[in-house]
Amino acid sequence: MTPNLLPRSREEDEEHRLLANPTSRGTEEDEGDDEETAYEESEKVVIVRVEEGVDGAAAGDAAAAPFSWKKLWLFTGPGFLMSIAFLDPGNLEGDLQSGAIAGYSLLWLLMWATVMGLLIQLLSARLGVATGRHLAEHCRDEYPNWARYLLWFMAELALIGSDIQEVIGSAIAIKILSNGYLPLWSGVLITAFDCFIFLFLENYGVRKLEAVFAVLIATMAVSFAWMFGDTKPSGKELLIGVLIPKLSSKTIRQAVGVVGCIIMPHNVFLHSALVQSRKVDITKKGRVQEAINYYSIESTVALFVSFMINLFVTTVFAKAFYGTDIAKNIGLVNAGTYLQEKYGGGLLPILYIWGIGLLAAGQSSTITGTYAGQFIMGGFLNLGLKKWIRALITRSFAIIPTIIVALVFDTSEDALDVLNEWLNVLQSVQIPFALIPLLTLVSKEQIMGVFKIGAAFKVVAWLVAILVIVINGYLMLDFFSAEVNGLLYGSLICTVSVAYVAFIAYLVLRGTAFCKWLNAVHTKRLTISGN
């Protein structure tokens, strides 16, 4: 008997879940058919229609249909929403500090970090398309309750840390554009209403929401390209920086920051859910392969755009401040002021161009953060809550601590920079808890069918994941060695670190052992079916 190598159906997924976690049977029976999904069927964008005829049949039953610009356009959207995490205020701060302190020398690393980020995001999209479920939903089924709740807690912490940076970034932009009239805390309150704008836009359909994000990305691109044109960075040094790797002991911290800012834990969860906004019949190999192909093209284009925007910011600050006495003092709060002092007015003062770009980055990333929070909470917990309630809860998690931060740190630029370092570390801590489950799942034939990644791809993916985890581990070690003093704090950090490493080891070992166990169960089922 030929085994079925297509991804599992919902019924098979439920059977697998019960085999993997029998203690959860009663809970799921109580929930009935109320399992949360990323998108309702009525919300999804239709790609292939029944009346497509022969072409549709060929695409569904065998190979993917020939390339179509129209279909690429219909699939375009999720990748650009995902790319916003590469352009949030935290990334922009990493860009400007990299440029000011390291000049053009780390542009090659920015490029390769974006390529690594693309690889991870393609795996996330592959999981969502091939299985019809997103990463948080799979984690709920694949892990016992204690591990599932811990993974959810870690994902929420990463999201809160990212959201605080994004909201603060928006608030700084609002303060700049209001000429200092609106303090930081009022900008936070204004940004807090993003979730309601998001819910309002959702009522008009997925494509309308994606169009708004496209406008925000275009605003960033135009703003930072304008700054690039005003400051006129060296084209020769730019090319050398991109093509020739350079790294010194003086720029190692900025190098770690460049890589650490690119891969965001919540974004790995987000992309696997966003791709489900299109109707794809996962029982037909051709349709799934077609969707994976189009999403791969779209994500590559989106991250190329994000790379160019990050490159604009890095080179502007490299040209303006590299080698100056103030290079190490530049952050989001004072960057616009320093630019204004150096380059002055023009048709539109560079301070306000920076503020517009920063505002677009902050606003877009806070809304996608709310989006990610919905999927993470719904996937891990399956509470059956309405979207607006989930959005409100997710937004409250970030807004309340952010208002406190804004009130406490409004008058201190140095304190905000220290806070930003703590938030970067908080997100770095969470990266393994998104990457390891993702790589474990996309390697399983029982989950992915014929769309599981091959041996070579698996090796490359794990090497990238290990590299990213090690780099972020270095960032954490460097930070804590500088900031944590005293026997009590040192002992506490050591204890938490041991538990942290133990949980990572559990995820890796369980993924390997569990995969072998599932293979045995699957083989037994096939044998029984054959008899």
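Above this note sits the structure.
Just so we're clear, the structure is a prediction, and the values are computed from it rather than from any experiment.

S.K.: How would you summarise the overall build of the protein if you had to cite specific residues and measurements?
M.R.: The secondary structure content of the protein amounts to 24 helices and 0 strands. In the form shown here, the protein has an accessible surface area of approximately 22600 Å², with 67% of it arising from carbon and sulfur atoms.

S.K.: I'd like a rundown of the pattern of salt bridges, residues and numbers included.
M.R.: A complete count under the given rule lists 6 salt bridges for this structure. The partner of Glu290 in a salt bridge is Lys71, with the nearest N and O atoms 2.9 Å apart. With Glu290 in helix α16 (residues 285–321) and Lys71 in helix α4 (residues 69–75), this residue pair connects regions lying 219 residues apart in the sequence. Given a relative accessible area of 2%, Glu290 falls into the buried group. Glu142 serves as the salt-bridge partner of Lys444, at 3.3 Å between the closest nitrogen and oxygen. Placement of Lys444 in the loop between α21 (432–442) and α22 (445–448) and of Glu142 in helix α8 (residues 135–142) is noted, with a sequence separation of 302 residues between them. Across this residue pair, the class does not change: Lys444 and Glu142 are buried. One continuous salt-bridge network, built from bridges that share partners, spans Arg207, Glu210 and Arg278.

S.K.: Give a detailed account of the packing of aromatic side chains, specifying residues and quantitative values.
M.R.: As enumerated under the stated definition, the model contains 16 aromatic pairs in all. Both rings, one in Trp146 and one in Phe503, keep their centres 5.8 Å apart while their planes meet at 55°; by these two values the pair is tilted. Note that Trp146 is positioned in helix α9 (residues 145–177) and Phe503 in helix α24 (residues 487–530), a separation of 357 residues in sequence. For Trp146, a relative accessible area of 48% translates into the label partly exposed. On the accessibility criterion, Phe503 (6% relative accessible area) is buried. Between the aromatic rings of Phe228 and Phe312, the centroid separation amounts to 5.2 Å while the plane-to-plane angle is 50°, which identifies the pairing as tilted. Here Phe228, found in helix α12 (residues 206–231), pairs with Phe312, found in helix α16; they are 84 residues apart in sequence, far enough to count as distant. Relative accessible area serves as the criterion here: at 22%, Phe228 is assigned to the partly exposed category. Members of the aromatic cluster, joined through ring pairs, are Phe67, Trp69, Phe75, Tyr294 and Tyr295. The ring of Tyr149 carries the charged tip of Arg148 above its face, separated from the ring centre by 4.6 Å. The ring of Trp73 is capped by Arg207, whose NZ or CZ atom sits 5.1 Å from the centre of that ring.

S.K.: Help me get a handle on helix α13 (residues 235–243), residues and values and all.
M.R.: Among all positions of α13, only Leu238, Gly241 and Val242 are buried. Taken end-on, α13 shows its buried residues confined to a sector of 95°, consistent with a single buried face. Opposite the packed face of α13, turned more than 90 degrees from it, sit the exposed residues Lys236, Leu239 and Leu243. Where the residues of α13 are buried, they touch α7 (107–131), α12 and α16.

S.K.: How would you summarise the packing of helix α17 (residues 332–343) against helix α18 (residues 350–381) if you had to cite specific residues and measurements?
M.R.: For the pair α17 and α18, interaxial distance at closest approach is 8 Å and the crossing angle is 150°. Viewed along their axes, α17 and α18 adopt a mutual orientation that is roughly antiparallel. Considering only the axes of α17 and α18, their crossing is right-handed. Contact residues: α17 offers Leu332, Ala335, Gly336, Thr337, Leu339, Gln340 and Tyr343, while α18 offers Ile350, Leu351, Trp354 and Leu358.

S.K.: Any chance you could break down the side chain of Thr315 for me, citing the residues and the numbers?
M.R.: On the secondary structure map, Thr315 appears in helix α16. Exposure remark for Thr315: the relative accessible area of 0% places this residue in the buried category. Of note is the side chain of Thr315, whose polar atom sits 2.8 Å from the backbone oxygen of Leu311. Not counting the four nearest positions on each side in its chain, Thr315 is found in contact with Tyr104, Leu107, Phe228, Pro233 and Leu238.

S.K.: Residue-level account of unusual backbone geometry, with values.
M.R.: Look at Asn179: it is not a glycine, yet its phi comes out positive at around 60°. Notably, Lys232 is not glycine yet its phi reads approximately 55°, a positive angle. Looking at where Lys232 falls in the secondary structure, it is placed in the loop between α12 and α13.

S.K.: Describe a nonpolar patch on the surface, and please don't skip the residues or the numbers.
M.R.: On the surface, a nonpolar cluster with roughly 540 Å² of combined accessible area is contributed by Leu177, Val222, Trp226, Leu347, Leu348 and Ile356. When you line up the elements, Leu177 lands in helix α9. Taking the relative accessible area as the measure of exposure, Leu177 reaches 33% and is therefore partly exposed.

S.K.: Describe in detail the environment of Val450, supporting the description with residues and values.
M.R.: With respect to the helices and strands, the residue Val450 is situated in the loop between α22 and α23 (455–483). For the pair Val450 and Lys285, spaced 165 residues apart in sequence, the C-alpha separation works out to 8.4 Å.

S.K.: How would you explain the nonpolar core if you had to name every residue and give the values?
M.R.: Ranked by internal contacts, the top residues of the largest apolar core, which has 143 residues, are Phe224, Met227, Phe269, Phe317, Trp354, Tyr371 and Phe380. No other element matches the 16 residues that α16 contributes to this core. With residues up to four places along the chain from it excluded, the contact list for Phe224 reads Leu92, Ile309, Phe312, Val313, Trp354, Gly357 and Leu358.

S.K.: Report on the environment of Leu467, specifying residues and quantitative values.
M.R.: You can see Leu467 is positioned in helix α23. Look at Leu467 and you get partly exposed, because its relative accessible area is 40%. Along the chain, Leu467 and Val259 lie 208 residues apart, while their C-alpha atoms are 9.6 Å from each other.

S.K.: I'd like to hear about α8, residue by residue, with values.
M.R.: With 8 of its 8 residues buried, α8 lies for the most part within the structure. All of the buried residues in α8 are Leu135, Ala136, Glu137, His138, Cys139, Arg140, Asp141 and Glu142.

Cut-offs used in this document
- Residues numbered from 1 in each chain as written.
- Predicted model: local features only at pLDDT ≥ 70, side-chain atom pairs only at ≥ 80, totals over all residues.
- Heavy atoms only, no water.
- Helix = DSSP H or I, 4+ residues; strand = E, 2+ residues; numbered from the N terminus.
- Areas by Shrake-Rupley, 256 points an atom, 1.4 Å probe, with all protein chains shown as cover.
- Salt bridge = Lys/Arg side-chain N within 4 Å of Asp/Glu carboxyl O.
- Buried < 20%, exposed > 50% of the residue type's maximum accessible area, 1.4 Å probe, protein only.
- Phe/Tyr/Trp six-rings, centres within 6.5 Å; stacked < 30°, edge-to-face > 60°.
- Lys NZ or Arg CZ within 6 Å of the ring centre and 35° of its normal.
- Arc of directions from axis to C-beta.
- Contact = heavy atoms within 4.5 Å.
- Axes fitted to C-alpha atoms, helices over the stretch in contact; angles between N-to-C directions.
- Parallel < 35°, antiparallel > 145°, perpendicular 65-115°, else oblique.
- Left-handed = near helix turned anticlockwise from the far one by under 90°.
- Polar contact = N/O pair within 3.5 Å; in protein donor to acceptor, adjacent residues only side chain to side chain.
- Patch = residues over 30% accessible without salt bridge, like charges linked within 9 Å, V, L, I, M, F, W, Y side chains within 5 Å.
- Core = buried A, V, L, I, M, F, W, Y, C linked by side-chain atoms within 4.5 Å.

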